[in-house]
Amino acid sequence: APLEPVLVDPLPRRGTVAVDVGGVLVGGAAPVVVQSMTNTDTADVDGTVRQVADLARAGSEIVRITVDRDEAAAAVPRIRERLDRLGVTVPLVGDFHYIGHKLLADHPACAAALAKYRINPGNVGFKDKKDRQFVEIVEMAIRHDKPVRIGVNWGSLDQELLTRLMDANSALASPLPARDVMREAIVQSALHSAALAEETGLARERIILSAKVSNVQDLIAVYRDLSRRTDHCIHLGLTEAGMGSKGIVASAAAMGILLQEGIGDTIRVSLTPEPGGDRTREVQVAQEILQTMGFRQFIPIVAACPGCGRTTSTLFQQLAETIQTDIRTNMPLWRERYPGVEAMTVAVMGCIVNGPGESKHADIGISLPGTAEVPSAPVYMDGVKVATLRGARIAEDFHEMVRQYIDR
Ligand code: SF4
């Protein structure tokens, strides 16, 4: 029987209105942009400059910083200047809550130094003041020619809107589950705020929307709905994703499904770092989500098998680990010298069962000997066996072959 075609490729990216964030294009036909956020006190100029530079070097293409009080707002232009002097040009986004309108008005140098303002419509003010204060921030964005992200978060959802929708739902003959009403309130909050921003005079090309929740199924439902109802540029992220593997898995599962459906123009992975942990981990995870799904290439992939009872030696795990470290360490230099090197795949396999096959699919691969095999390790380049390594220096020899391959 003829083979039925199966959908395995992502759907085309949804056509959104592209937004220029300090020279980085988000949406439209632009590649999905990786962004991150600092966790330093922005008033601490040294600490914030250091972390922004680290995030940018790790590959964050946009970095958001908290602007929560006068001291933080006053520090923003100094942070921008210091970064420029270091040659770190990454656009800075100001994260505003509650008093953003006031901080932007009182600190014009801050308003000018930022590449985008993030507004949370759920906490920009209360009752009658809410829309007015939202409009004040939008007017500031127009004056300084900046884009805004209207970032709805269900932890700080507009309670008035939610109550109104809940009341209307209760009056229905067959009310919807409360969860559906919550999802609708999130989407409506984003759409209402975007409409208000446009009525105020902000161009559509200056608006990015996000609607973050912490539950994977809710996130998928909310973003699907949002993207059906608007062509605004979309910032995608699972909020409060959590720590360690939980946060990584939840973010990858939720964003992976949406990205596959063409939804999402920029992503942020919101991981809770271990105390004193490395903030750049969230950038690495965001890049890995995009790369493993085939959307972008940032760094050569190391394909390694999990190992099993056929190999009791830890040599192949060690080799996979050191190859990965070698790549991460040398990547800035390699990328400069050999543009396109990030598209490479290196295979490090534990035995003959899948080793040669996987190695042939990679650009360069090695199949280490399993316990019951002859102690030799065939190496493949571009699908062809080029050498068989033996003895105590297999790892060193393979490292050298990888470097030579990249040189070549
Ligand atoms: Fe086990 Fe060999 Fe498969 Fe690796 S390639 S998981 S060592 S059978």
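Residues numbered from 1 in each chain as written. Predicted model: local features only at pLDDT ≥ 70, side-chain atom pairs only at ≥ 80, totals over all residues. Heavy atoms only, no water.

**Some words on the site of the ligand**
Taken together, Cys-305, Pro-306, Gly-307, Cys-308, Arg-310, Thr-311, Gly-350, Cys-351, Val-353 and Asn-354 are the residues near the ligand. Within the shell around the ligand, the residues separate by chemical class into five nonpolar, four polar and one charged. (Near = heavy atom within 4 Å. Nonpolar A, V, L, I, M, F, W, Y, C, P; charged D, E, K, R; others polar.)

**Details of helix α6 (residues 159–170)**
The end-to-end C-alpha distance of α6, which contains 12 residues, comes to 16 Å, matching closely the 16 Å that a straight helix rising 1.5 Å per residue would cover. Here α6 has its buried residues at Leu-161, Leu-162, Leu-165 and Asn-169. Down the axis of α6, the buried set is contained in an arc of 100°. They therefore lie on one face. Every exposed residue of α6 that faces more than 90 degrees away from the buried side is listed here: Arg-164 and Ser-170. Residues of α6 that are buried in the fold lie against α7 (178–200). Two to three positions downstream of the cap, the backbone nitrogen of Glu-160 sits 3.0 Å from a side-chain oxygen, assigning the N-cap of α6 to Asp-158. (Helix = DSSP H or I, 4+ residues; strand = E, 2+ residues; numbered from the N terminus. Expected span 1.5 Å × (residues − 1). Buried < 20%, exposed > 50% of the residue type's maximum accessible area, 1.4 Å probe, protein only. Arc of directions from axis to C-beta. Contact = heavy atoms within 4.5 Å. Polar contact = N/O pair within 3.5 Å; in protein donor to acceptor, adjacent residues only side chain to side chain.)

**Concerning the UniProt feature "binding site: [4Fe-4S] cluster" (unreviewed entry) in the protein**
Taken from the UniProt record, the annotation "binding site: [4Fe-4S] cluster" (unreviewed entry) applies to Cys-305, Cys-308, Cys-351 and Glu-358. For Cys-305, the position within the fold is in the loop between β13 (301–304) and α11 (315–337). With relative accessibility at 21%, the residue Cys-305 sits in the partly exposed group. Those residues in contact with Cys-305, other than ones at most four positions away along the chain, are Phe-316, Val-348, Met-349 and Gly-350. Mapped onto the elements of the fold, Cys-351 is located in the loop between β14 (345–349) and α12 (355–361). (UniProt positions renumbered as here; feature names shortened; annotations may be inferred.)

**Things to note about the pairing of strand β7 (residues 148–153)**
Taking burial as the measure, the six residues of β7 include six buried ones, the bulk of the element. One ladder, built from six bridges, connects β7 with strand β8 (residues 207–212); its direction is parallel. Note that in β8 the partner of Val-148 across the bridge is Ile-207. (Pairing = 2+ DSSP bridges.)

**A word on the pattern of salt bridges**
Here the structure, examined in full by the defined rule, presents 30 salt bridges. A salt bridge links Arg-82 to Asp-46; the nearest nitrogen and oxygen atoms lie 3.0 Å apart. Here the residue Arg-82 occupies a position in helix α2 (residues 70–85), and Asp-46 occupies one in helix α1 (residues 45–58), the gap between them amounting to 36 residues. Exposure remark for Arg-82: the relative accessible area of 29% places this residue in the partly exposed category. A salt bridge links Arg-328 to Glu-288; the nearest nitrogen and oxygen atoms lie 3.0 Å apart. Residue Arg-328 is located in helix α11, and its partner Glu-288 is located in helix α10 (residues 281–292); the two are separated by 40 residues in the primary sequence. Among the residues examined, Arg-328 registers a relative accessible area of 30% and is labelled partly exposed. What you see here is one network of salt bridges that share partners, running through Asp-41, Asp-68, Arg-69 and Glu-71. (Salt bridge = Lys/Arg side-chain N within 4 Å of Asp/Glu carboxyl O.)

**With respect to the packing of α7 against helix α8 (residues 216–229)**
The N-to-C vectors of α7 and α8 enclose an angle of 45°; their axes lie 10 Å apart at closest approach. The orientation of α7 relative to α8 falls into the category oblique. α7 and α8 meet at a crossing whose hand is right-handed. Taken together, the residues of α8 that come into contact with α7 (itself represented by Arg-179, Arg-183, Glu-184, Ile-186, Val-187, Gln-188, Ala-190 and Leu-191) are Gln-217, Asp-218, Ala-221, Val-222, Asp-225, Leu-226 and Arg-229. Residue classes in the contact of α7 with α8 are distributed as seven nonpolar, two polar and six charged. (Axes fitted to C-alpha atoms, helices over the stretch in contact; angles between N-to-C directions. Parallel < 35°, antiparallel > 145°, perpendicular 65-115°, else oblique. Left-handed = near helix turned anticlockwise from the far one by under 90°.)

**Comments concerning the sheet that holds strand β17 (residues 384–390)**
The strand order β13-β14-β15-β16-β17 describes an open sheet built from five strands, whose pairing is mixed. The two strands at the open ends of the sheet, each matched to only one other strand, are β13 and β17. Pairwise comparison of adjacent strand axes, ignoring direction, gives a mean angle of 15° for this sheet. Along the sheet, α11 makes contact with β13, β14 and β15 (364–367), crossing β14 at roughly 160°.

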